[in-house]
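# Working through the structure, step by step
Here are the chains, one letter per residue:
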Amino acid sequence: MSWFGLILTFALIDNVVLVQMLGVCPCIGAPRRMGTAVGIGIATAVMMSLASLAAWAIRTQVLAPLGLEYMQIVAYVLAMAGLAWMFEAAAGRLAPGLLRATGFSASGVAVNCAVLGVVLLGARGGASPGGGLGPLQSLVAGLSAGCGVLLVLVLLSAIRARLDLEWVPRALHGLPLSLISAGLLALAFMAFDRALLARLASLLGLPS
Amino acid sequence: MSGTGASVVPARPAPHVRGAVSAPELIWSAALCLLPASAWGILVFGTPAAFVLLASIGSALVCEALTALLRREFTLLDGSAFLTGLMVGCLLPPGAPIHVAAVASGFAIVVVKQTFGGLGRNWMNPALAGVVFARLSWSEAFAVPVSTRWSGPGLAPLDALAAALPGPGSGGRGALETLAAAGYPVSAADGRVVGWLNARLAPLGVALPPGAFDLLAGIRPGGIGEIAVLLLIAGGVFLAARRVIRWQLPAVHLATFALLAWVFGGLGAGRGFFAGDAVFHLLAGSLLLVSFFMATDPVTSPLTPAGTIAYGIGLGAATFLLRFYGSMPDGAPLAVILMNCTVPLIDRYAKPVRLAAPRGGAR
Amino acid sequence: MKQGSEIVRGLASENPLFVLFMGMCPALAVSTRLLTSLWMSLAILCVLVASTLFSSIVGLFARGKGARARWLASLFLTACFATCADLLLGFFAADAHAALGLYVPLLAVNCLVTGRAEMAARGQPVGRALLAALGAGLGLAACFTVIAAAREALGFGTLTLFPVGRFTGTLVIAPLAASPARAATFACGGFLAAGYLAALAARLLRRGAGSGP
C-alpha cells in the first residue's frame, strides 16, 4: 500500500468511528465544547500512532521470536496501559492545565476499542511476509486513523451543539440522537471508498 | 439560545434563528418552481414517472402526517413534506420501483427531518439523504435502462453518465462523442437541429456533437426532474429573484465545479489540463437540480455570507471529486450531504446574524 | 490521578442504558447477521462473566494495593479472557470466528466489560458482581439480537440461525429478500438501528418506571 493509500484508508475509507464503529464512546458522548473535542482527538491520534509503533515493536521483536503470537492482545493492552500512564505523567509535568482543561482521562482515551482496533488492523494489514505494517507505516497509519477520529469528533461536536431539542421526542434525547447523527454522518462518509482511492491514485500515478 | 424567541413565536416552531425563509409561502413557491421540470419528466417518460412521483410525494405526506400526529400537530400545510417528496421523486429515475420511491421519501421525512424536531431543525438535507440511502440500498433500481418518448432505449441513466466520464478508453473525445460511440440514443429532432446548426457553423470550424440539442432540450434518460435543464435554470433564477434562495450559493457552487471540471476534467482521458468538458458536466446529471433547489436549503446551509462562499467552494470541489472519481457517477447528492455535515462547523466559526433575539428590555 | 476510574465510574453511575449501548457499539459492526450476533453475544457474556468473577476474586486479595494496580489487573484479566474466547471460537466455530474478525479480541477493551471488571476489582462482593455482569450481558445480548434481526431482515431479507437437522439455518423472508435495503447492513444502518432501539428502550424504561411527563 502506498503512503497515499495508507493515509486515505486509515483516515477516511476505513474511518475508525464511522466505518468500523469503534471508539464510538468518546465521540457519542462528544463534548459540546470544541476545545475538549479537539483535545481528545489529538490525544487519540498521538496514542494511536505510539500504540501502533509499540505494537510493531512487540510483535516483531518479542512475540515473533518467542513464538507467542497468541499473546498479542494481552501484550498490546498492557502496552497501551503503559503508554497511557506515560502520557498522563508527561502531560501532567509539561502541561498540567491541559489534562484538566480538556477534561479527559488519559486511560479512557488510550485504552479503548479505537486504539486497539487500529493496532490490530496494523498487525493484520501490510504486505510484509511476517504480517503487519512496518514501523514507519504503523506510525503513519495510527496517526491517520487518529486524524480521522479527530475529524469525526469535531463534526459531531458541532452537530450536537446545533441540535435544538425543544421539539424532539423525549425518548430520543441524548444517546439516541447522537447515534442517529453518527448514522447520517456515516451515510455521508460512504462517499469515501476504495474505488475513489483507486481512481485518485491512478490519476496521480501512484499505486493504490 | 433559541428559547429567547419562544414567547414571540407562535405555537408552530418557526426556525427563527434561521429567519423567515422557511415560511410556508416560500416553501410552496420553491415547489411551484420545481413543478414544470417534473411535469416535463412525466411528459418525456410517461406513466412510470408519474407513479414514482405519486409514490414519493404520497409517502412523504403520510409519514409527515403520522409523525406530526405524535406531536399533536398538523404540518402538511407548510409545504415542506410535499416539497421533500417532490424533490425525492425528481431525483429518482422513472424506472424506480414504487417501494424504493416510498422508502426514500419515508427515510427523508422520518429519519432525517422529524427525528431532529421537524422543520428547521434538521442538519442534513432530507431529500438528498433519502435518495443517497436509496441509491446505496437498491443500486439495481438506478441501473434500469430508460427510454424517452422521442429516443429509443439506451444506457441506464447513471451508466450513461459513467460512460461519458473521461476514462483511458475515451481517446481524447468529448463527453457527448463518447456517449454516441457507446450507443447513447439521440432523438430525431436532435439529428435535425444539430445537422442544421452544423451546416451553418461549418465555415467557423465549429461542430456540435450529436446529442447537444437533446441535452439542452431535456430529452435524455435521467432522473425525472433533472433532465429539463432550461426549466430548472428558469426556476432557479426565479427563486433567486424572489429572494427564496440566495443566488450566491449556486453561483459559487456551479462556478467552482465548472472551473475544476474545465481545468482537471480532461486529465483522466489523457487530454491534459484545461481540456475538460465543463458544459456537458454542468448540464448532465442532477447537478443543476441539486444546486438550485437542495443545496440552497436555508436550514442546512451556512448563515453568514463568508460561510456561504466557503460552503459553495467546498460544494464545487466535493461535487467535482465525487462526479469524476467517485464510485457513484452522479456525485452531486452525495457531495451536498457530505458538505451538510460541515455546516454546523462553518456556522460555529462564522458569527451568525442574530435575526430575532430581543435584547434587554425589548420584550 | 484515578485512571480509568473516572470514566468508568461515570459510565457506571449514569443511565444503565447508556452503559449498555456503549458496550455494544464496537460489536455493532458485526450485527449484520443474526447467527453472527448470537455468537458475539455468547462471547461477550462469557468474557464479561469470567473477567468480573476473577476480578472480584483479585479484588478480595488486593484490597489495599492501590487503584492503579487493581485497574491493571482487571485489564490484564479481561485481555486474557478475550484471547481465550477468540482462540476457543476459532477452534469450535471457524465460520463465526471468520465473520467476527477482530471484534472478539476487541472485547479486551470494551467499556462495559472493563468497567464491570474494574468495579468488581474494587471490592464488590463476588455474588453481586456476578449477578450484575450476568444482567448486563443478557441485556446486551437481547438488544444485540433485536438489532441484528432487524438489520439482516431489512438488509438481506433473511434470518440466519443455527442449522438443526434438515433446517439449513436460513429463513428467507420473501418480500424483503426480493428487494433488500442493503444500506441496513452498512455502518449507517447499524448506527440508526442502535439509535432507534435506544430510544425505544428509553421510552419503555420510562413508562415502566412510571416517571415522565
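Quantities reported herein were computed from a predicted structural model and do not represent experimental measurements.

The rules we used
- Counting from 1, residues in each chain are numbered in the order their sequence is written.
- Note on labels: chains are lettered from A, ligands numbered from 1, in written order.
- In keeping with the model being predicted, local features are shown solely for residues with a pLDDT of at least 70 and side-chain atom pairs are shown and tallied solely at 80 or more, while totals for entire chains, interfaces and linings include all residues.
- Under the scheme used here, helices are H or I runs from DSSP no shorter than 4 residues and strands are E runs no shorter than 2 residues, and both carry numbers assigned from the N terminus.
- Note on burial: count the other C-beta atoms lying within 10 Å of the residue's C-beta; 20 or more is buried, 12 or fewer is exposed, in between is partly exposed, and C-beta positions come from the backbone.
- Each residue is represented by a C-beta atom placed from its backbone, and any two residues with such atoms within 7 Å are regarded as in contact.
- The residue classification treats Ala, Val, Leu, Ile, Met, Phe, Trp, Tyr, Cys and Pro as nonpolar and Asp, Glu, Lys and Arg as charged. All others, Gly included, are polar.
- Lines fitted to C-alpha atoms define the axes here, with helix axes fitted over just the stretch in contact, and angles between the N-to-C directions of these axes take values from 0 to 180 degrees.
- Every angle not falling under 35 degrees, over 145, or within 65 to 115 is termed oblique; those three ranges are roughly parallel, roughly antiparallel and roughly perpendicular.
- Here a crossing is taken to be left-handed if its near helix is turned anticlockwise relative to the far helix by less than a right angle, and right-handed if that turn runs clockwise.
- Here a nonpolar core is just a set of buried residues of the types Ala, Val, Leu, Ile, Met, Phe, Trp, Tyr and Cys, joined wherever their C-beta atoms sit within 7 Å.
- Expected span of a helix: the number of residues minus one, times 1.5 Å.
- On a range of 0 to 100, pLDDT expresses the predictor's confidence in each residue.

### A short note on the overall build of chain A
- What chain A contains, in helices and strands, is 10 helices and 0 strands.
- For chain A, the N- to C-terminal ordering of α and β elements is α-α-α-α-α-α-α-α-α-α.
- Here chain A holds 208 residues, and the buried ones make up 56% of them.
- A sequence separation of at least 24 residues applies to 77% of the contacts in chain A between residues at least 6 apart.

### Digging into the overall build of chain C
- Counting its regular elements, chain C contains 9 helices and 2 strands.
- The secondary structure elements of chain C, listed N-terminal to C-terminal, are α-α-α-α-α-α-α-β-β-α-α.
- Each of the 213 residues in chain C was classed as buried or not, and the buried ones make up 54%.
- Of the contacts formed within chain C by residues at least 6 apart in sequence, a portion of 76% connects residues at least 24 apart.

### With respect to the interface of chain A and chain C
- With 34 residues of chain A in contact, the opposing surface of chain C contributes 40 residues.
- Going through the elements one at a time, helix H2 (24–28), helix H4 (72–94), helix H6 (106–110), helix H7 (113–124) and helix H9 (175–189) of chain A are the ones with two or more residues in the side of chain A that touches chain C.
- For the side of chain A that touches chain C, the per-class residue count stands at 26 nonpolar, 7 polar and 1 charged.

### A short note on the interface of chain A and chain B
- Each side of the interface is counted separately: chain A has 27 residues, and chain B has 31 residues.
- Mapped onto the side of chain A that touches chain B, the elements with two or more residues apiece are helix H8 (135–162), H9 and helix H10 (194–204) of chain A.
- With 6 residues, H8(A) is the largest single contributor of residues to the side of chain A that touches chain B.
- Class assignment for the residues of the side of chain A that touches chain B results in 22 nonpolar, no polar and 5 charged.

### Points about the packing of helix H11 (residues 248–264) of chain B against helix H13 (residues 287–294) of chain B
All names here are of chain B.
- Where H11 contacts H13, the two axes come as close as 9 Å, and the packing angle between them is 155°. Comparing their axes, H13 and H11 come out roughly antiparallel. Our pair here, H11 against H13, has a crossing hand that is right-handed. Between H11, through Pro250, His253, Leu254 and Phe257, and H13, the contact on the second element is made entirely by Leu287, Ser291 and Phe292.
- The class makeup of the residues in the contact of H11 with H13 is 5 nonpolar, 2 polar and no charged.

### Quick look at the nonpolar core
- Residues A:Val77, A:Leu116, A:Leu185 and B:Ala104 are the most contacted members of the largest nonpolar core, which totals 260 residues.
- Examining the composition of this core, we find that 14 residues originate from one element, H8(A), more than from any other.
- In this structure, A:Leu116 is in contact with A:Tyr76, A:Val77, A:Met80, C:Leu106, C:Ala108 and C:Val109, ignoring residues within four places of it in sequence.

### Some thoughts on the environment of C:Ala187
- Within the element layout of this structure, C:Ala187 appears in helix H9 (residues 187–209).
- When the C-alpha atoms of C:Ala187 and C:Thr32 are compared, they prove to be 9.6 Å apart, with 155 residues separating the residues in sequence.
- In this structure, C:Ala187 is in contact with A:Leu18, A:Val19, A:Met21, A:Ala186 and C:Ala29, ignoring residues within four places of it in sequence.

### Description of H8(A)
- For H8(A), with 28 residues, the first-to-last C-alpha span of 41 Å sits near the 40 Å given by 1.5 Å per residue.
- By the criterion of burial, H8(A) is predominantly enclosed, with 22 of the 28 residues buried.

### Some thoughts on the confidence of the model for chain C
Residue and element names in this part refer to chain C.
- Taken as a whole, chain C shows an average pLDDT of 81; of its residues, 89% reach a score of 70 or greater.
- Between the elements of chain C, mean pLDDT differs from a low of 42, seen in helix H1 (residues 3–13), to a high of 88, seen in helix H3 (residues 34–61).
- For residues 1–14, every residue scores under 50 in pLDDT, and the model assigns this stretch 28 contacts once sequence neighbours within four places are set aside.

### Concerning the packing of H7(A) against H8(A)
Residues and elements named next belong to chain A.
- Axis separation between H7 and H8 bottoms out at 10 Å; the angle between their running directions is 145°. Considering how the two elements wind past one another, H7 and H8 form a crossing that is right-handed. Residues Ala114, Val118 and Gly122 of H7 pack against Ser138, Ala141, Gly142, Ala145 and Val149 of H8.
- Here the residues of the contact of H7 with H8 sort into 5 nonpolar, 3 polar and no charged.

### A word on unusual backbone geometry
Residue and element names in this part refer to chain B.
- Even without being a glycine, Arg72 presents a positive backbone phi close to 60°.
- Position of Arg72 among the secondary structure elements: in the loop between helix H2 (47–70) and helix H3 (80–91).
- A tally of 6 C-beta atoms within 10 Å means that Arg72 is categorised as exposed.
- For Arg243, which is not glycine, the phi dihedral falls at a positive 60°.
- As for its position among the elements, Arg243 is in the loop between helix H10 (229–241) and H11.

### What about H11(B)?
Residues and elements named next belong to chain B.
- For H11, which comprises 17 residues, the first-to-last C-alpha distance of 24 Å matches the rise-based estimate of 24 Å (1.5 Å per residue) to within 8%.
- Regarding H11, the residues found buried are Leu249, Pro250, Val252, His253, Leu254, Thr256, Phe257, Leu260 and Ala261.
- Buried residues belonging to H11 abut H10, helix H12 (278–283), H13 and helix H14 (305–325).

### Observations concerning the environment of A:Asp164
- Residue position: A:Asp164 is located in the loop between H8 and H9.
- Spatially, the C-alpha atoms of A:Asp164 and A:Leu184 are 17 Å apart, while their sequence positions differ by 20 residues.

### Regarding the environment of A:Leu179
- Here A:Leu179 lies in helix H9.
- What makes A:Leu179 buried here is the crowd of 25 C-beta atoms within 10 Å.
- When the C-alpha atoms of A:Leu179 and A:Val24 are compared, they prove to be 9.0 Å apart, with 155 residues separating the residues in sequence.
- Apart from the residues within four sequence positions on either side, A:Leu179 is in contact with A:Ile28, C:Phe191, C:Ala194, C:Gly195 and C:Ala198.

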